[in-house]
Amino acid sequence: MEEEFISVAGSNNLHSGNGTNPKDPLCAEMESNNNGIGHPKDASENFSSENGEGSNVVFSREAPLVSKDSRTSGGCSCSPKKLKSRMVVTDSEPGKKDKVGNEKKLSRQDRIELGRMFQGAVSSHDWELAESLILLADPHTLNDALCISLDSIWFLSTQEELHGITSLIKKIISNGAYDFTRAALRTSFLASCVSACQSRTMSLADTVTVMAQRLHERLQECNGDEVLKAEAGAKVQKFTEWALKCIGFHSRCQGNRDRVSHSSAIEIQLQLSAFKMFLDLAGNHLTGKDFTEAFDAACFPLTLFSSSFDPGWASGISATAIQGLLGMLVEGGADNVNQCFLEASRFGSTELVRILLQIAQRNSLDVDVDLALGFASHYCKIGTMECLVEEGNAIAFLGPLMRAAERGCMQVVQWFVRRGCRDMDLCLALTAATSSSQVGIAAYLLPHVPQHVLAALSIEILKAAGERSGGSLDGVAFLLRSDFLGDPAATYAVADSIARSDDEAVAPELRAFLRQNWSEAAFLDGLREGQEHYMNILRILKWGESPICLRDLPGPLLVAIAYLPLYRECVEASGCLLSQRLRGQLVEAVRRLGSGPLEEVKQGRELLAILKHHLPPFLLSVSSIG
């Protein structure tokens, strides 16, 4: 979503205003405000657009934000009369006598002055002055005036203000403003920021820091070139900062120095009525693509602020305006509800997900809740997952569960298990964790899979895990050591069956691994290795040339010299079962120690206990410490 947004707003069209007159008393008043967010000096960006008539820039430079009490007569270095006389002089120059009406073109300085006066008139609700300034505007300035007037609707509070701004917008359009696309996208972005800020308790100054951090985190979650991501982040941050400056300025005009006032239900209806009026005036000038891009622009800021929303924000009064805005954009032809829904799910924007679910339900639109659950689970957005399941009725757990098991995301796996999964889904997730050698996940899932399912699918589980192992068979070894069938004889038999199988579906690496460690042949190899080891010990005792006479050492020390390494290897191979190779070596070791018949001693751990009994305790304690 951010790529599409940036492609719309990506023009290098925001830079600090350089038309401010430092000697202007109004400028001095603006600079005295120390608020870092809505600082009018920082926000005095050029009113006009320099990209020409064909510019498709969505967010042009915001008009200079002047204080509510500032009036043109005493605050600016140019009055409407002076500006009009300057235009007359300009139009009387040779070659310009035929230019009348909307064909006139203001100089850059005139645009700056006109912009400052118009912004001051709108913010102070001096509709008469604002309408008189419209008559002096050229086409570019009219388009910018349309944007500024439309932006102000999200701060309306009375019926009189609604009447004033709607009349002004109508006059701007009747005088030749035509860039409805830019106005719609820009005001959609701003309206979203207003709704988001109304949900917050922190100051606007702190909001910039939070927004910048969230934008950085979001870009880090995206794939792509780091340079391009940095450039995109800078542009988006600039647009968002512009919106916050605009919000800060209007908030101060309403008497709230550094916080956004909460609109009442009546005020929100006034604001939405004004936006509906604009859409009616725009008519066919706004295409389905325009509504789609405006919908995207409205959703984007909510993903930046989402981490600070209180649970249930989407159902509160603060979200009413953005809900109404998005609803009107859908009615106008926006067709990207599902796309924005998936993006919001990916980035954990739970409250936006909730809003989009409501919009989809009201407008009978399809949104892919199961795919959204996959996105949310992939990025471990637990709150969003809860919303998708409880409110969106997502039911496709298997895919997200398996992917979480493969990645080793314990939090997501535990969430799905607690939610309730089918036995087969759990078995497949166990297989996925085993194949990826995610031993911790496999250990968590194993007790949750019923034994009858494991018994029926044991061979297929091991074969599938070996096939997708990627070179590591640690997961397979874990299942076998854990006696995953709950019956040592059955577990050994399954491993031996695969080791002896000539099935081409069995991965060669898995067959070789089981043959060397877990098959009946491996047990016989272990016995043989134990016998050879015993014979080597005898040779050393009889013919060794060590200055220490080993035969004179106490019996327990001789046993330690011979079998302590084997004991340690068995201890390190944690689990219920030892591999057949180690088990064969243990059988031979215990037999040589003269511990009686071994017919009833079947398991490796029982054999290990016998060997431990013959070893010096002080060596065992050192071994455990090491």
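Keep in mind that this is a model prediction, so the values were computed, not measured.

Draft legend 1. Up close: the overall build of the protein. In terms of regular secondary structure, the protein is built from 32 helices and 0 strands. For the protein, the residues scored as buried account for 54% of the 626 residues in total. For the protein, the proportion of contacts with a sequence separation of at least 24, taken over those separated by at least 6, is 77%. Carbon and sulfur atoms form 53% of the exposed surface of the protein, whose accessible area is close to 27,300 Å².

Draft legend 2. Main features of the environment of Ala-490. Mapping Ala-490 onto the fold places it in helix H26 (residues 488-500). A C-alpha to C-alpha distance of 9.7 Å links Ala-490 and Ser-458, two positions 32 residues apart in sequence.

Draft legend 3. Helix H10 (residues 180-198), seen in detail. The first and last C-alpha atoms of H10 sit 27 Å apart over 19 residues, in line with the 27 Å expected at 1.5 Å per residue. Counting buried residues in H10 gives 18 out of 19 residues, a clear majority hidden from the surface.

Draft legend 4. Structural context of the packing of aromatic side chains. One pass over the structure, following the stated rule, counts 7 aromatic pairs. Between Phe-397 and Trp-415, the aromatic rings sit 6.2 Å apart at their centres with planes inclined by 50 degrees, giving tilted as the arrangement. With a gap of 18 residues between them, Phe-397 in the loop between helix H19 (382-390) and helix H20 (398-407) and Trp-415 in helix H21 (residues 410-419) connect regions that are remote in the sequence. According to the relative accessible area criterion, Phe-397 is buried, its value standing at 11%. Taking relative accessible area as the criterion, Trp-415 reaches 8% and is therefore assigned buried. Ring-pair connections join several aromatic residues into one group, and the members of that group are Trp-154, Phe-180, Phe-275 and Phe-278.

Draft legend 5. The arrangement of the pattern of salt bridges in detail. Enumeration over the complete set of coordinates arrives at 20 salt bridges. One salt bridge in this structure joins Asp-144 and Arg-182, with 2.7 Å as the shortest N-O distance. One end of the pair, Asp-144, is in helix H8 (residues 139-151); the other, Arg-182, is in helix H10, and 38 residues separate them in sequence. Two residues, Lys-463 and Glu-460, come together in a salt bridge whose shortest N-O distance is 3.9 Å. One end of the pair, Lys-463, and the other, Glu-460, are both in helix H24 (residues 451-467), 3 residues apart, so they sit about a helical turn from each other. Overall, Glu-460 belongs to the partly exposed group, its relative accessible area being 46%. Each member of the salt-bridge network shares a partner with another, and the members are Asp-144, Asp-179 and Arg-182.

So, how was this worked out
- Residues numbered from 1 in each chain as written.
- Predicted model: local features only at pLDDT ≥ 70, side-chain atom pairs only at ≥ 80, totals over all residues.
- Heavy atoms only, no water.
- Helix = DSSP H or I, 4+ residues; strand = E, 2+ residues; numbered from the N terminus.
- Buried < 20%, exposed > 50% of the residue type's maximum accessible area, 1.4 Å probe, protein only.
- Contact = heavy atoms within 4.5 Å.
- Areas by Shrake-Rupley, 256 points an atom, 1.4 Å probe, with all protein chains shown as cover.
- Expected span 1.5 Å × (residues − 1).
- Phe/Tyr/Trp six-rings, centres within 6.5 Å; stacked < 30°, edge-to-face > 60°.
- Salt bridge = Lys/Arg side-chain N within 4 Å of Asp/Glu carboxyl O.

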